[in-house]
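For reference, the chains in residue letters:
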Amino acid sequence: MSDQDIIHIIGAGLAGSEAAWQAANAGARVILHEMRPVTGTEAHQTGGFAELVCSNSFRSDDAENNAVGLLHEEMRRAGSLIMREADANKVPAGGALAVDRDAFSEGVTRAIEGHPNIEIRREMIDTLPPDDWANVIVATGPLTAAPLAEAIREFTGEESLAFFDAIAPIVFKESINFDVAWMQSRYDKKGPGGDGADYINCPLDEDQYAAFLNALITGEKTEFKDWEKLTPYFEGCLPIEVMAERGPDTLRFGPMKPVGLTDPRTGKRPHAVVQLRQDNALGTLYNMVGFQTKLKYGAQSDVFRMIPGLENAEFARLGGIHRNTFLNSPRLLDASLRLKARPALRFAGQITGVEGYLESAAMGLLAGRFAAADAKSVPVSAPPATTAFGALLGHITGGHITDTGSKAFQPMNVNFGLFPDIETPRTDAEGRRIKGKEKGFARKRALSARALADLEGWLNKTPLAAE
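Residues numbered from 1 in each chain as written. Predicted model: local features only at pLDDT ≥ 70, side-chain atom pairs only at ≥ 80, totals over all residues. Heavy atoms only, no water.

A separate point is helix 5 (residues 146-156). What sets the pattern is the α-helix's 3.6 residues per turn: residues three or four places apart point alike. What helix 5 keeps buried is the set L148, A149, A151, I152 and T156. Along the axis of helix 5, the buried residues cluster in a sector spanning 160°; they form a single face. In helix 5, those exposed residues whose orientation departs by more than 90 degrees from the buried face are A146 and E154. Phi turns positive one or two residues past the end of helix 5, at G157, with a value near 115°. (Buried < 20%, exposed > 50% of the residue type's maximum accessible area, 1.4 Å probe, protein only. Helix = DSSP H or I, 4+ residues; strand = E, 2+ residues; numbered from the N terminus. Arc of directions from axis to C-beta.)

Set out below in structure tokens:
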């Protein structure tokens with residue numbers, strides 16, 4: 001067996017473990033490289049595969065009404081090891097899927113160790129793989145070892161790898177109140193592909209601004225973990241509440257400046273403005289410009305809904321600032337997760353710019369299948385964009401707006417805003433007209449049903465269905 005026939009996978013977290021399982025089940029030979037426990041990280045406690053370092057929850061398991069629940073079901077149908085062990089080791093958590101973290105990791109480790117097509121090497125890969133490794137998956141996660149991260153950074157370019165993740169909240173456009181908010185670019189300036197009305201603007205008067213500042217400053221904050229504290233803030237991505245603490249007008253002269261904007265309801269410039277910028281090619285998601293934050297999630301929802309126009313905002317993702325390592329994937333990766341500049345290298349997991357346990361594992365699942373197809377010289381297509389797999393893959397490799405600067409791309413959880421639109425059913429199964437909030441639930445159910453039907457078609461036509 002030569003190295004040309006082997007798939008090398010670097011990292012045995014959720015993504016790497018899933019990639020190894022998928023590739024091995026497809027008949028490919030896999031060498032899985034994991035540096036733990038020979039070399040530890042600041043967050044991991046064991047040498048087990050797929051160790052959960054934060055929450056033990058995989059979030060909602062509702063496949064009809066929740067996008068992450070739909071992703072759970074798609075992974076189950078694709079023969080996911082991560083989902084098999086999650087289901088086998090679940091603990092009570094209401095509608096969520098939560099696991100006994102130790103038993104879960106032990107189950108994944110046993111399965112990988114017992115697979116005849118997988119060889120495990122406990123070693124650190126501290127540079128880009130040699131040229132004779134013809135089929136490689138890098139699945140090293142947000143805590144990629146510094147030497148390897150630096151090698152990736154040097155190869156891809158200094159602006160192509162982030163080490164500190166400043167995340168602004170993302171809002172579903174359909175939840176914004178356009179009786180208050182309006183579309184306008186500052187000074188009506190047209191950007192690339194724009195029309196002079198590229199931003200959603202939410203105005204605040206003086207009293208509303210003062211109340212908002214107070215809520216920001218007094219809201220409950222999360223603290224950096226010990227291993228994050230050595231990575232300080234930089235001025236370009238200060239948390240919104242840190243700026244607020246610097247003085248009452250700091251935000252009005254920063255991300256909330258109202259210059260060049262006119263509220264069509266009053267014909268005047270507002271006291272302050274929150275701007276939202278389109279975040280995906282479908283135009284369903286908008287991010288709050290400059291609103292990275294360390295507020296806890298519950299506080300974020302309460303505080304940001306104080307903004308006029310966002311009273312009923314639904315968030316596809318809430319904000320945060322934490323240490324991370326992720327690629328500028330829309331610029332660097334092709335549709336099968338290969339590095340465009342060196343196609344022998346694939347990337348999987350959180351390093352590709354997905355957020356969340358299952359999203360990371362899902363990218364591992366796809367990378368494993370793509371790599372196995374290459375190893376076996378058989379064709380395999382990307383999953384349909386209508387599936388949760390395809391929606392995530394499409395977002396990180398091509399669905400993100402890429403002409404807004406090198407720092408525009410940010411990690412994303414799976415959500416229905418990433419899916420191609422669908423006509424909302426007008427009547428229910430009994431023929432009754434669907435009204436009010438039920439329209440939203442009906443739309444989600446329709447998106448989920450379409451996704452699972454299209455997934456079955458994709459799985460049935462691929463020669464790499466898990467054995």
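Tracing the backbone through its elements, the reader meets H72 in helix 2 (residues 67-77). The contact partners of H72, leaving out residues within four places of it in the chain, are F58, R59, S60, D61, M83, L97 and L358. (Contact = heavy atoms within 4.5 Å.)

Our focus in this paragraph is the packing of aromatic side chains. All told, the structure shown has six aromatic pairs when counted by the stated rule. Relative to Y357, the ring of F58 lies with its centre 5.6 Å away and its plane at 75°, an arrangement referred to as edge-to-face. Of this pair, F58 sits in strand 3 (residues 57-60) while Y357 is found in helix 10 (residues 357-376), placing the two residues 299 residues apart along the sequence. With respect to burial, F58 and Y357 carry one shared label: buried. Arranged with centres 5.3 Å apart and planes meeting at 55°, the rings of F416 and F419 form a pair that is tilted. For the pair F416 and F419, one class covers both residues: buried. Three or more aromatic residues link up through ring pairs in this structure, and these residues are F58, F104 and Y357. (Phe/Tyr/Trp six-rings, centres within 6.5 Å; stacked < 30°, edge-to-face > 60°.)

Moving on, we come to the nonpolar core. If you look at the biggest cluster of nonpolar residues, it comprises 90 residues, and the most contacted ones within it are F58, F104, F389 and F419. Per element, the largest residue contribution to this core is eleven residues, and it comes from helix 10. Not counting residues within four places of it along the chain, the set of residues in contact with F58 comprises L52, V68, H72, I82, A86, L97, V99, F104, Y357 and L358. C202, A272, L295 and A299 belong to the second largest nonpolar core, which has 33 residues in total. (Core = buried A, V, L, I, M, F, W, Y, C linked by side-chain atoms within 4.5 Å.)

Across the sheet, which stays open at both edges, the six strands sit in the order 10-11-12-13-9-14 with antiparallel pairing between neighbours. Edge positions in the sheet fall to strand 10 (182-183) and strand 14 (315-317), since each of these pairs with one other strand and no more. Across three bridges, the pairing between strand 9 (residues 170-172) and strand 13 (residues 285-288) is antiparallel. Following the sheet pairing, V171 is matched in strand 13 by Y286. In this fold helix 6 (residues 206-218) packs onto strand 11 (199-204) and strand 12 (272-278), with an angle of close to 95° to the strand it touches most, strand 11. (Pairing = 2+ DSSP bridges. Axes fitted to C-alpha atoms, helices over the stretch in contact; angles between N-to-C directions.)

To continue, consider the side chain of T352. Mapping T352 onto the fold places it in the loop between strand 17 (342-347) and helix 10. Residues in contact with T352, not counting those within four places in the same chain, are L327, S329, L333, F347, M363, I396 and F409.

Our focus in this paragraph is unusual backbone geometry. The backbone phi angle of A50 is positive, close to 55°, even though this residue is not glycine. In this structure, A50 sits in the loop between strand 2 (29-34) and strand 3. Residue A50 is classed as buried on the basis of its relative accessible area of 0%. Despite not being glycine, Y187 shows a phi value in the positive range, around 60°. Tracing the sequence through the fold places Y187 in the loop between strand 10 and strand 11.

A few words now on the packing of helix 1 (residues 14-25) against helix 10. Their axes nearest at 7 Å, the elements helix 1 and helix 10 cross at an angle of 35°. Between helix 1 and helix 10 the crossing geometry is right-handed. Residues L14, A15, E18, A19, Q22 and A23 of helix 1 lie in contact with helix 10, whose contacting residues are Y357, S360, A361, G364, L365, G368, R369 and A372. Grouping the constituent residues of the contact of helix 1 with helix 10 by class yields eight nonpolar, four polar and two charged. (Left-handed = near helix turned anticlockwise from the far one by under 90°. Nonpolar A, V, L, I, M, F, W, Y, C, P; charged D, E, K, R; others polar.)

Before going further, it helps to examine the sheet that holds strand 4 (residues 90-91). Read from one edge to the other, the open sheet built from three strands follows the order 3-5-4, with strand pairing classed as antiparallel. Looking at strand neighbours, the two that pair on one side only are strand 3 and strand 4, the edges of this open sheet. Two elements, strand 4 and strand 5 (residues 96-99), share two bridges in a ladder whose sense is antiparallel. In the strand pairing of strand 5, V91 is matched with A98. Contacting strand 3 and strand 5, helix 2 crosses the sheet at an angle of about 115° to strand 3.

Interhelical geometry of helix 1 versus helix 4 (residues 101-113) gives an angle of 35° and a closest axis separation of 10 Å. As helix 1 runs across helix 4, the sense of the crossing is left-handed. Side by side, helix 1 and helix 4 meet where L14, S17, A20 and W21 of the first sit next to F104, V108, A111 and I112 of the second. Looking at the contact of helix 1 with helix 4 residue by residue, the class counts come to seven nonpolar, one polar and no charged.

This part takes up the confidence of the model for the protein. Considering every residue of the protein, the mean pLDDT works out to 86; 87% of them sit at 70 or more. In the predicted structure, residues 230-235 sits below a pLDDT of 50 and forms ten contacts with residues beyond four places in sequence or in another chain. (pLDDT = per-residue confidence, 0-100.)

This part is about a positive patch on the surface. Taken together, R426, R433, K435 and K439 make up a surface patch of like positive charges. Among the secondary structure elements, R426 is positioned in the loop between helix 11 (388-399) and helix 12 (438-461). (Patch = residues over 30% accessible without salt bridge, like charges linked within 9 Å, V, L, I, M, F, W, Y side chains within 5 Å. Areas by Shrake-Rupley, 256 points an atom, 1.4 Å probe, with all protein chains shown as cover. Salt bridge = Lys/Arg side-chain N within 4 Å of Asp/Glu carboxyl O. Lys, Arg positive; Asp, Glu negative; His and termini not counted. Charge placed at Lys NZ, Arg CZ, Asp CG, Glu CD.)

For the rest of this paragraph, the subject is helix 10. Over its 20 residues, helix 10 extends 29 Å from the first C-alpha to the last, a length consistent with the 28 Å expected when each residue adds 1.5 Å. Among the 20 residues that make up helix 10, 17 are buried, leaving the element largely enclosed by the rest of the structure. The first or second residue beyond helix 10 is S377, which carries a positive phi of 55°. (Expected span 1.5 Å × (residues − 1).)

The next thing to look at is the environment of A371. Relative to the helices and strands, A371 is located in helix 10. Since its relative accessible area comes to 0%, A371 is described here as buried. Leaving out residues up to four positions away in the same chain, A371 has contacts with I7, N135, I137 and R346.

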